Amino acid sequence: TAQKNDLRTNPSGGLDTDDDTAKERLAFIKGDRSEEGKKFRKRSSVLGDFVHSNPVYVGPPEIGWPDEEPFGTTAKPYSSFVAQYQDPNPARDEVLYIGSNDGMLHGFNATTGDEVMAYIPSSLFSTSTSEGLHYLSDPNYLHRYYVDLAPTISDVFYSDSWKTILIGGLRAGGRGVFALDVTNPSSFSASNVLWEFTDNDLGHTFSQPEIALVKTASNTYKWAAIFGNGYNDNPGGDGMAKLFILLIEGGLDGTWTLGTDYFVITTEAGGTADRNGLSSPSVVDVDQDGIADRVYAGDLEGNMWAFDLSGATTQWKVAYKNGNTPAPLFSANANQPITAAPVVVKHPSVTGSAPNALVLFGTGKYFENGDPAITDDQSFYGIWDHGEKNLTQSDLIQQTITDGSLRTITDNAVDYSASPNPDDGWYINLPATGERVVTNPMVRGDIVYFNTSIPETNPCEYGGYGMLMSVDYSNGGTPDQAVFDSNGDGVIDSDDLNYVGVKFNGGLPSAPNFLGDYRYVTGTKTATGSTTGIGYDATLG
């Protein structure tokens, strides 16, 4: 009934008594154009726009899970699942999955481009005038977000069989997470919808889920989706930053029971008067046995949290405490929110007890209307997690950037072995006014790559520019080798040494990605006569 009422809702906010119009509205959403420019708005394409949801490719299974318990069973190892789609068996369709702001999660055949499936999360349905599916047909429609989060996909074992599952969310489109079985995309149907999840403490689902095997009890392991609670939780929520852990099989019966089907770890940071939220996590396997041990995620108050999942569910907790109160690993300076996931690496030079990890992340925010005008100083951090808590910038060594279209940086030593007070990491203050980090960093070799954004300050203007940065992850200083062609001679060599940043003129840059010896970045700026973003690539040194 709620879904039908959404489709019955007209532009004035009332409900049409004529179901024929509601059926025409549904046909419009599914691609029928016969009423465009008449009853419904004129659109340039039946396919909605993609803004923040990147496409994810799924072909034959190839993750490489071990052929042993608890990864599957002895009788049904992962290799047998892979073999189902190898010669001489028929390969499954290769599919690109992507969320769209037409209200759907789409799957497209990667070879032909044909749509093989589309899914509308029920949490999108609404009778509010400027929300819900009906609004997509409104002649006065102004752009809004719907399914705007990139999907997360993995092969997991549950109900005594291997499956390929997709975890999706709405980002600014709403407060909901869903799971689909995409093992056999050519036969996708309603039965492939595994579950949907919402909760009062779940905000707009900006947090990118991760899928991992977790220990739930002694010698018991289950697959789970792990994500932060996002931003602007429901009025019934308490406004605190929280980590959600949903067992994949937990929602299969249509109900969610806290403490059995899903688990919530609160940081106790935030409140109803000043709502906080946990951002995208990084899940870490400290002892390299394939089981999740630790999770790192930042929040809107600038705290970087470490969560301990190494024991059974009753032992899952924030890793550090002040008495009985959860304590962060690190707190950034005031007005330095953390909205992108950190990248976590093993410490390169110090041997010691777990976790002995460097947590690398930047600060900044860019998703609310007033964010482009924010000029608070932001930073990039490398924090050593070695058992200490409540770290601040004063515990770190600073590296200083020279501003400009080409950047250099200091190379101050970080003494991780000093006794009794070793340095706890490093930081870089971003020099340009309004500069921030809102995309995920990546590590390749001994270098951490991160891109910064410097948006236009006028909220009515789109665009801006950014900097493509690359520093030694052990100290935040100058890498030993050249990392991009700074002088434009087509060769990366000793003439390019000492430069760590280059201006990106393609608008605001995306996160860096790598393919072979190339780094790829897309931008928000469009070329004249083109509808595609300008890309940047550079052969790596």
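**Quick word on the nonpolar core**
I165, I167, W195, W223 and I248 are the most contacted members of the largest nonpolar core, which totals 28 residues. Of all the elements in the fold, those that place two or more residues in this core are α3 (78–83), β5 (152–158), β6 (161–169), β7 (177–181), β8 (193–197), β9 (210–217), β10 (220–228) and β11 (240–247). If near-sequence neighbours (up to four positions away) are discounted, I165 is found in contact with T152, I153, S154, V156, Y158, L180, V182, L194, I211 and I248.

**Observations concerning the pairing of β9**
Looking along a regular strand, one sees side chains alternate from face to face of the sheet. Pairing analysis gives seven bridges linking β9 to β10, with the strands arranged antiparallel. Residue pairing in the sheet places E210 in a bridge with I226 of β10.

**Digging into the sheet that holds β10**
Adjacent strands of a sheet pair through backbone hydrogen bonds, lying either parallel or antiparallel. With antiparallel pairing, the four strands of this open sheet are ordered in space as β9-β10-β11-β12. With one partner strand each, in any of the chains shown, β9 and β12 (262–270) form the two edges of the open sheet. For this sheet, the mean angle separating the axes of adjacent strands, direction not counted, is 30°. Note: β11 against β12, six bridges, orientation antiparallel. By the bridge assignment for β12, M240 is matched with G270.

**Things to note about the packing of aromatic side chains**
Under the defined criterion, the tally for this structure stands at 32 aromatic pairs. Chaining the aromatic ring pairs together yields one cluster made of W65, F71, Y78, F81, Y85, F157, W162 and W223. Directly above the aromatic system of F28 lies the positively charged group of R43, at a separation of 3.5 Å from the ring centroid. The ring of Y465 has K503 sitting right over it, with the charged end atom 4.6 Å from the ring centre.

**Section: unusual backbone geometry**
Of note, the bond from A354 into P355 is cis; its omega dihedral lies within 30 degrees of zero at 5°. Tracing the backbone shows P355 in the loop between β20 (343–346) and β21 (357–362). Here N232, not a glycine, exhibits a phi torsion of approximately 60°, which is positive. Along the polypeptide, N232 turns up in the loop between β10 and β11. The backbone phi angle of E268 is positive, close to 65°, even though this residue is not glycine. With respect to the element layout, E268 can be found in strand β12.

**Section: the sheet that holds strand β25 (residues 425–429)**
Taken together, five strands build an open sheet; the order of strands is β20-β21-β22-β25-β23 and the sheet is mixed. Either end of the sheet is taken by a strand with one partner, and the two such strands are β20 and β23 (397–399). Averaged over all pairs of adjacent strands, the angle between strand axes in this sheet comes to 20°, irrespective of strand direction.

**Here we look at the pattern of salt bridges**
A complete count under the given rule lists 19 salt bridges for this structure. Across the salt bridge formed by K76 and D160, the nearest N and O atoms sit 3.0 Å from each other. Pair noted here: K76 is in the loop between β1 (56–58) and α3 and D160 is in the loop between β5 and β6, with a separation of 84 residues, a long-range link. Accessibility expressed as a relative area gives 46% for D160, which makes it partly exposed. Among the salt bridges present, the one from R294 reaches D385, with a minimum N-O distance of 3.1 Å. A residue pair is termed long-range when its members are at least 10 positions apart, and R294 in strand β14 (residues 294–298) and D385 in strand β22 (residues 379–385) qualify at 91 residues. For R294, a relative accessible area of 10% puts it in the buried group. Exposure remark for D385: the relative accessible area of 0% places this residue in the buried category.

**Some points on the side chain of D155**
Following the sequence through the fold, D155 ends up in strand β5. Comment: no salt bridge for buried D155; closest opposite-charge side chain is R92, at 4.2 Å. Of the polar contacts made by the side chain of D155, one reaches the side chain of Y78; its length is 2.5 Å. For D155, the side chain forms a polar contact with the side chain of T164, separated by 2.6 Å. Not counting residues up to four positions away in its chain, the partners in contact with D155 are P61, E62, I63, W65, Y78, F81, R92, W162, K163, T164 and W223.

**Looking at the environment of V521**
Topologically, V521 is positioned in strand β31 (residues 518–526). The spatial distance from the C-alpha of V521 to the C-alpha of H204 is 26 Å, given a sequence separation of 317 residues.

Conventions we followed
Residues numbered from 1 in each chain as written. Predicted model: local features only at pLDDT ≥ 70, side-chain atom pairs only at ≥ 80, totals over all residues. Heavy atoms only, no water. Core = buried A, V, L, I, M, F, W, Y, C linked by side-chain atoms within 4.5 Å. Buried < 20%, exposed > 50% of the residue type's maximum accessible area, 1.4 Å probe, protein only. Helix = DSSP H or I, 4+ residues; strand = E, 2+ residues; numbered from the N terminus. Contact = heavy atoms within 4.5 Å. Pairing = 2+ DSSP bridges. Axes fitted to C-alpha atoms, helices over the stretch in contact; angles between N-to-C directions. Phe/Tyr/Trp six-rings, centres within 6.5 Å; stacked < 30°, edge-to-face > 60°. Lys NZ or Arg CZ within 6 Å of the ring centre and 35° of its normal. Salt bridge = Lys/Arg side-chain N within 4 Å of Asp/Glu carboxyl O. Lys, Arg positive; Asp, Glu negative; His and termini not counted. Polar contact = N/O pair within 3.5 Å; in protein donor to acceptor, adjacent residues only side chain to side chain.

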